[in-house]
Amino acid sequence: MLMEILVVLRILSAILLLGDVTYTMKGSNATANNPYLILSAAKNLSVDNDQLCSVISKGPTVEDVSLKRDSWVQFLYLRVFDWIVSSINKQLSFSRLVLGNSYSVTVIDPPGFGANEQNQLFRLNSNIIHDFLQNYIQQLLFFRELEEYKEEGVDIPFKYEETPQQKVFLNNLVDSERILLNGLQNSGVKGTFNWLKKMKSLPSECIEVENDKVTVHHTFEEITYNIPDLTAENVFTLDEAEFAETFKGTVDVVTSAIANLLPEGNTSLAEQMQVVLSKLVESVTDDFPHLVVCLQATESPREDIKFEPQYITQQLRAFNLMETIMIRQQGFARRLSFSEFLNRYKYLAFDFDEEVELTKENCQLLLIRLKMDGWQMGTSKVFLRYYTEEYLTRLYETHTKKIIKIQAMARRFIVKARQGK
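As a starting point, this report considers the structure included with it. All values derive from a computational prediction rather than experimental measurement.

Under the counting rule described, the total for this entry stands at 7 aromatic pairs. Ring centres of Tyr149 and Phe332 lie 6.2 Å apart, and the angle between their planes is 70°; on these two criteria the pair is classed as edge-to-face. Taken as a pair, Tyr149 in helix α5 (residues 121-152) and Phe332 in the loop between α13 (321-330) and β6 (334-337) lie far apart in primary sequence, 183 residues in all. Judged on exposure class, the residue Tyr149 and its partner Phe332 are both buried. Grouping aromatic residues by their ring pairs yields a cluster made of Phe341, Tyr345, Tyr347 and Tyr396. The ring of Phe332 carries the charged tip of Arg385 above its face, separated from the ring centre by 5.1 Å.

Laid out in structure tokens, this is it:
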């Protein structure tokens, strides 16, 4: 494991070195101004220096060789990241096979929302992922929760005005962004404007097209993208065979494994994005996710500005954190089925040898015996406020510790009795 970590660190070091390489025109070709950086990177990658130079330091123009270098380095970084994820999943595969998926954890860390002077395709993809997650969070925390209250016959314990316009906007936004990605996926540089008519027919509050610009009204803010640049970036320019040939002579097993972890097919970035979105939606809908929201302290590049209250407030509103806190405080943060509730907490209020049927009446009897408030009964679930769940959890843990202590004392007594004989 230590060797694998060192190899990954060497590859990351090589990526940083190659990113600092600059180029200039010499005659009719562009060459590297600092070949010693390429030499150091080749040593870290355990590859031939001449082979690496021929791939990333020769081209007809400075722009072409820089683009090729960037594509090569980005592809290598993706292979490192994929290899790390694959290795972790491989280590966890045995426990998942034995214990099942219910005891596994899926961690999703998508890039955050953002904008800069040149909003490139990567930024568009990141912002679309953010919109998809925001739409799912809205559906999960607000609309679905309200629907569950109605289905279970439970009074809504808070005042939240369900705005159909907001729900329609989010659905229209993600649908429009899917159409945008499909257009980028199916059109080349020459066919950029073949789908502009279809884009112009989309709801103007979601996406606006004017000349060669497309403005997307994301959930956080509206951002304008250059359509020709998006389409040009969408073309997959890396030669995978050449990439693999560079690492063909490496003697390092881990580096070879990372370099040869190639994706299936030569797909465009928009097509890869479609795959990522489908996997993302599948992952978050398999189970109830735990959401961690990170806020930026400032959007200013100035070092003397460390904190911007207005920017924090803007993010809090965009992520609906205030509404989420309100729903969790005033609503029922925990909802358990009758069987799940009684199987976990029944011994807190019933005798050990007492037969307890997994019914609504017994759930109600348990809570009454414990003299608890902050709960309601639905048609198939028990609805608990956050403080009620916390109290039950602490009570459960206290009784469990007592049981473990009694078991330990009993085992100690049995061992001493056997030794005495």
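All right, on to the packing of helix α1 (residues 2-19) against helix α2 (residues 35-45) then. At a minimum axis separation of 8 Å, α1 and α2 run at an interaxial angle of 165°. In this view, α1 runs roughly antiparallel relative to α2, as classed from their interaxial angle. Considering only the axes of α1 and α2, their crossing is left-handed. Of the residues in α2, those touching α1 at Arg10, Ile11, Ser13, Ala14, Leu17 and Leu18 are Leu37, Ile38, Ser40, Ala41, Asn44 and Leu45. Broken down by class, the residue content of the contact of α1 with α2 amounts to 8 nonpolar, 3 polar and 1 charged.

Attention now goes to the pairing of strand β1 (residues 23-26). For β1 and strand β2 (residues 29-32), the ladder comprises 4 bridges, and the chain directions are antiparallel. Across the sheet, Met25 pairs through a bridge with Ala30, a residue of β2.

Spatially, β3-β4-β5 is the arrangement adopted by the 3 strands of the open sheet, whose pairing is antiparallel. Looking at strand neighbours, the two that pair on one side only are β3 (207-210) and β5 (222-226), the edges of this open sheet. Within this sheet the neighbouring strands show an average axis-to-axis angle of 20°, counted without direction. Pairing analysis gives 4 bridges linking β3 to strand β4 (residues 213-217), with the strands arranged antiparallel. Opposite Glu208, over in β4, you have Thr215 as the bridge partner.

What counts and how
- Residues numbered from 1 in each chain as written.
- Predicted model: local features only at pLDDT ≥ 70, side-chain atom pairs only at ≥ 80, totals over all residues.
- Heavy atoms only, no water.
- Phe/Tyr/Trp six-rings, centres within 6.5 Å; stacked < 30°, edge-to-face > 60°.
- Helix = DSSP H or I, 4+ residues; strand = E, 2+ residues; numbered from the N terminus.
- Buried < 20%, exposed > 50% of the residue type's maximum accessible area, 1.4 Å probe, protein only.
- Lys NZ or Arg CZ within 6 Å of the ring centre and 35° of its normal.
- Axes fitted to C-alpha atoms, helices over the stretch in contact; angles between N-to-C directions.
- Parallel < 35°, antiparallel > 145°, perpendicular 65-115°, else oblique.
- Left-handed = near helix turned anticlockwise from the far one by under 90°.
- Contact = heavy atoms within 4.5 Å.
- Nonpolar A, V, L, I, M, F, W, Y, C, P; charged D, E, K, R; others polar.
- Pairing = 2+ DSSP bridges.

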